[in-house]
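Below are the chains, spelled out letter by letter.
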Amino acid sequence: MNIVDWNALDAATRNALLERPAQTQNVERAQAVARIIAQVGQEGDAALKRLTAQLDGCELDALAVPGEAFDAAEALLDATLKQAIADARTRIETFHRAAAPQPVRVETAPGVLCERVLRPVTRVGLYVPAGTAPLPSTALMLGVPAQLAGCREVVLCTPPRADGSVDPTVLYAARLCGIERVFRLGGAQAVAAMALGTESVPRCDKLFGPGNGWVTEAKQQVSAAPGGPAIDMPAGPSEVLVIADAKADPRFVAADLLSQAEHGPDSQVLLLTDAREQADAVVAEVERQVAQLPRADTARKALSASRVIRVESLAQAAEVSNAYAPEHLILNVSDPRALLTQIDSAGSIFLGAWSPESVGDYCSGTNHVLPTYGHARAWSGVSVASFQKQITVQELSGDGLRGIGACAVTLAEAEGLEAHAQAVRLRLAELEAMA
């Protein structure tokens with residue numbers, strides 16, 4: 001990892017330093033994704049089977065995972081792993097239930113009742129990656145809030161293994177969330193199937209889930225198409241930014257950086273520190289720890305686009321972090337709560353030495369499907385609200401309309417919208433006649 005001094009850089013170099021490695025527009029990939037989507041739209045299941053054979057090296061007779069596979073998956077897993085998945089699910093449910101939106105009913109003026117009612121998105125499509133490693137945790141992060149929201153139909157797609165099976169941990173996690181419709185599909189073709197619908201895969205109203213650049217590109221393309229599904233957020237390759245002071249343990253900092261670097265070669269990790277010795281110690285510790293990782297080659301590729309940045313103060317570190325708007329932000333400093341007040345943009349924040357990002361990925365209770373690419377400036381992570389529609393309702397009595405009708409007429413006339421004004425005037429006149 002390269003060490004750079006933020007205050008020795010000009011504005012252009014600073015901007016370049018904070019660019020994501022996968023953010024450069026890949027025209028060829030966009031065109032390839034568009035072709036995949038078109039093939040699925042034209043040929044349905046036949047295209048999905050052909051693409052799965054070409055891209056995943058797997059010949060499938062049927063796309064749906066059969067019911068007996070869920071039972072077989074549960075039997076394959078050892079009791080400790082099943083208990084860990086179940087415990088994680090419980091904590092995720094606890095947090096998401098508490099954070100879920102609530103209905104609102106308020107009288108804004110005498111006789112004027114305004115409400116907010118909640119309705120689930122009817123049919124949702126969940127994508128659980130398994131490109132370099134299966135992610136049962138993602139099945140929980142998406143399945144639990146979908147279940148709490150009350151979605152009537154939940155579809156899950158995850159890439160098949162070489163033998164055509166699906167990772168048993170993903171199936172077990174899905175079943176714990178009440179999901180029985182799982183399809184052996186990955187990549188852009190899975191997104192296309194859930195967006196367009198095929199003979200086997202139902203068309204979904206909203207798509208959720210992280211993925212590589214192909215998945216992200218596919219989600220953005222289908223959501224931009226006329227009548228296309230909504231998507232949760234732009235969620236691409238994983239990233240973490242760590243702010244560490246002189247008292248932070250460099251072993252912990254290095255481990256946190258590597259925990260994201262091992263996700264994939266297009267992941268990015270950044271360290272901001274106001275202590276020169278800390279920067280040197282973390283770089284040395286990263287080199288020591290990465291050599292011991294089974295996924296060392298993947299992590300090293302990610303580290304090639306990662307940075308250690310020296311800043312003059314923690315306040316400046318907060319400014320740089322806000323400009324980057326990381327998916328994950330770790331505040332490994334002596335007083336993390338004080339620094340938290342200066343953070344405006346991040347997907348999820350981890351405070352102090354004893355809060356590794358890994359617990360958020362798995363089992364603390366928050367969600368790990370988070371905005372990347374700097375979209376944390378405006379987007380939030382997945383929650384129960386992501387799976388719901390918040391519908392406003394208003395009900396006026398005659399007296400209520402008498403009380404606020406003139407206000408509506410005045411504003412409508414100011415905007416030159418005569419029909420708007422007339423819709424109120426007619427009712428006011430009728431009320432007057434009834435008096």
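As shown above, the structure is provided for reference.
If you're wondering where the values come from, they're calculated on a predicted model, not measured in any experiment.

Trainee: Just to check I follow, could you spell out the sheet that holds strand β2 (residues 104-109) for this structure?
Mentor: The strands making up a sheet are joined through hydrogen bonds of the backbone, oriented either antiparallel or parallel. The three strands lie next to each other as β2-β3-β14, forming an open sheet whose pairing is antiparallel. The two strands at the open ends of the sheet, each matched to only one other strand, are β2 and β14 (388-396). Put simply, the sheet's adjacent strands are angled 25 degrees from each other on average, direction ignored. Bridging between β2 and strand β3 (residues 112-120) involves five bridges; their strand directions are antiparallel. Across the sheet, the residue bridging to valine 104 is arginine 116, located in β3. Helix α16 (residues 398-414) rests against β2, β3 and β14 of the sheet, and its axis sits at about 95 degrees to β14.

Trainee: Looking at this structure, how should I read the sheet that holds strand β1 (residues 2-5)?
Mentor: An order of β1-β11-β10-β9-β12-β13 is seen for the six strands of this open sheet, with the pairing classed as parallel. Of all the strands in the sheet, the pair left with one neighbour each is β1 and β13 (348-351). Here the average twist between neighbouring strands, direction ignored, is 20 degrees. Of the strand pairs in this sheet, strand β9 (residues 239-244) and strand β12 (residues 328-332) are connected by five bridges, and their pairing is parallel. Looking at β12, one finds that valine 242 is bridged to isoleucine 330. Packing of helix α10 (residues 250-261) onto the sheet brings it into contact with β9, β10 (268-273) and β12, and relative to β9 it is tilted by some 170 degrees.

What counts and how
- Residues numbered from 1 in each chain as written.
- Predicted model: local features only at pLDDT ≥ 70, side-chain atom pairs only at ≥ 80, totals over all residues.
- Heavy atoms only, no water.
- Pairing = 2+ DSSP bridges.
- Helix = DSSP H or I, 4+ residues; strand = E, 2+ residues; numbered from the N terminus.
- Axes fitted to C-alpha atoms, helices over the stretch in contact; angles between N-to-C directions.
- Contact = heavy atoms within 4.5 Å.

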